[in-house]
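# Notes for the structure review
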Amino acid sequence: MAQSNQPLRIGMIGTGFMGRAHSNAYRKVANFFDCPRQPVLQAVCARSEDAVRTFAARWGYRHHETDWRALIARDDIDAVDICTPNDTHRDIAVAAAAAGKIVLCEKPLARTVAEGAEMVAAVERAGVPNMVWYNYRRVPAVTLAKQLVDEGRLGKVFHYRARFLQDWTISADLPQGGAALWRLDVAAAGSGVTGDLLAHCIDTALWLNGEIDEVTAMTETFVKERHHNLTGRTEPVGIDDACAFLARFANGSLGTFESTRYARGHKALYTFEINGEHASIAWDLHDLHRLSYFDHRDDSSVRGWRSIHVTDGDMPYMGKWWVPGLQIGYEHSFVHQVADLLDGLDRGQPVAPTFRDAQVTQQVCEAVLASAADRRWHHVGQDAR
Ligand SMILES: NC(=O)c1ccc[n+]([C@@H]2O[C@H](COP(=O)([O-])OP(=O)(O)OC[C@H]3O[C@@H](n4cnc5c(N)ncnc54)[C@H](O)[C@@H]3O)[C@@H](O)[C@H]2O)c1
């Protein structure tokens, strides 16, 4: 591994949505943040030679590979970044850790708790830094919510409410499997909206409101069979198209979570609201630079929901960007995560969420799916597929 003030040489695996989001973040971070080590786009891997060569040229990667094992074997790579479908995470992460690389993995950590446990064991056995890309923690308004909660402004928390709504799988003609549609194939994805969308909601909830003790859930698969792009046959659909669950948090508050890809009109409506004894907080991904806040202790003549435009220089991360009043967007959450990664590496500190942190989200997801299957309450941590 290169020494601490040397460039951090990235080996990226996957050139889709996240491959682009992360590459963009690595390229931008040093322009805006004081980085102890500058990321270098050293090599990128995808299976198609033509596609990966084009991607490497567009984004400025020095080398390309078509087999992730060859990328991990390179001695000019410090960090392996896993931006591939969920069924590949375990094998790549375990191999990268064994090779002594820093391991960065897209969410969800794995398809199952059992896979996640292997991954946690691998990075901890190798003693390599590791991190999972639950990027919404680094949206400045969400980071501000965390600060307000930690300052105790809400008082005792009663309710945590989260939703993640989309509408892109309603057509029964949509196939499952293969490029772009692996999310509909349970073998590749592990689960449907639970691992894909609720995992984000759960990660944020654990961060803002602490541990979840138990859950009860229902799921539905609205379209039972779809053409499978890889087999060419009509196959049963194994993912949950929609999931709703109730949760009891360790702090005594009640949680309600809902996600679906069948909410016509919603593209990526991730919202959460927290209601405390003194104050409430609400956030909406479609308006991500704002945080809504209501404080009952305000004088009644001015009491009401305020919409905080999170752009001032003293707001989380915002001092590094433009001037007050000018907002940033989705892509910047990844830039912030890279900045925090570089800072953590410099200080020799773990950068959250680590694999071990993300494994707790896996446990909640597993309890949710187990509860939906047997229609009982499940304690988090009792289930392992
Ligand atoms: N943090 C977030 O908000 C967020 C958003 C989207 C996706 N994700 C996660 O990121 C991961 C990738 O999702 P995506 O939307 O970028 O998918 P995608 O389908 O857009 O891209 C996947 C990429 O992986 C490549 N790939 C697949 N199998 C491979 C293999 N065996 N070897 C090398 N390359 C391979 C594909 O060619 C493609 O370039 C998933 O785990 C997903 O859950 C996270």
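Residues numbered from 1 in each chain as written. Predicted model: local features only at pLDDT ≥ 70, side-chain atom pairs only at ≥ 80, totals over all residues.

### Observations regarding the overall build of the chain
- Secondary structure summary: the chain contains 10 helices and 17 strands in total.
- A compact globule built from 385 residues should have a C-alpha radius of gyration of about 21 Å, and the chain, at 21 Å, falls within 12% of that.
- When its C-alpha atoms are laid out on the principal axes, the chain stretches across 65 × 50 × 40 Å.
- Looking at the chain residue by residue over its 385 residues, the buried ones come to 48%.
- Across the chain, every contact between residues at least 6 apart in sequence was considered, and the portion connecting residues at least 24 apart equals 68%. (Helix = DSSP H or I, 4+ residues; strand = E, 2+ residues; numbered from the N terminus. Rg over C-alpha atoms; globule rule 2.2 N^0.38 Å. Buried ≥ 20, exposed ≤ 12 C-beta atoms within 10 Å, placed from the backbone. Contact = placed C-beta atoms within 7 Å.)

### Quick look at the packing of helix α4 (residues 89-98) against helix α5 (residues 113-126)
- Between α4 and α5, the shortest axis-to-axis distance is 8 Å and the interhelical angle comes to 10°. Here α4 lies roughly parallel to α5, going by the angle between them. Across the interface between the two elements, Arg 90, Ala 93, Val 94, Ala 97 and Ala 98 from α4 touch Glu 115, Glu 118, Met 119, Ala 122, Val 123 and Ala 126 from α5.
- Classifying every residue of the contact of α4 with α5 gives eight nonpolar, no polar and three charged. (Axes fitted to C-alpha atoms, helices over the stretch in contact; angles between N-to-C directions. Parallel < 35°, antiparallel > 145°, perpendicular 65-115°, else oblique. Nonpolar A, V, L, I, M, F, W, Y, C, P; charged D, E, K, R; others polar.)

### Notes on helix α9 (residues 331-347)
- A rise of 1.5 Å per residue sets the reference length of α9, with its 17 residues, at 24 Å; its end C-alpha atoms lie 25 Å apart and thus fit the reference within 8%.
- Turning to α9, its buried residues number three or more, namely His 332, Ser 333, Phe 334, Val 335, His 336, Gln 337, Val 338, Ala 339, Leu 341, Leu 342 and Leu 345.
- Where α9 is buried, its residues meet β1 (8-13), α1 (17-32), β2 (39-45) and β6 (130-132).
- In the segment just after α9, Gly 348 is the residue with positive phi, at about 70°. (Expected span 1.5 Å × (residues − 1).)

### What to know about the site of the ligand
- Around the ligand lies a shell of 23 residues, among which Gly 14, Gly 16, Phe 17, Met 18 and Glu 106 are the nearest.
- Here the shell around the ligand gets three residues from one element, more than from any other, and that element is α1.
- Residue composition of the shell around the ligand, grouped by class: 11 nonpolar, eight polar and four charged. (Near = placed C-beta within 6 Å.)

### Some details on the sheet that holds strand β15 (residues 290-295)
- Pairing is mixed across the open sheet formed by nine strands, whose spatial order is β16-β15-β14-β13-β7-β12-β11-β8-β17. Each having just a single partner strand, β16 (306-309) and β17 (378-379) make up the two edges of the open sheet.
- Relative to strand β12 (residues 254-260), strand β11 (residues 242-249) is paired through seven bridges, and the arrangement is antiparallel. Within β12, the residue paired with Ala 242 across the bridge is Thr 260.
- Across the sheet, helix α8 (residues 193-209) lies against β7 (157-165), β8 (212-220), β11, β12 and β13 (269-276), angled at about 155° from β7, the strand it touches most.
- The sheet strands contacting helix α10 (residues 355-374) are β8, β11 and β17, and the helix crosses β8 at an angle near 50°. (Pairing = 2+ DSSP bridges.)

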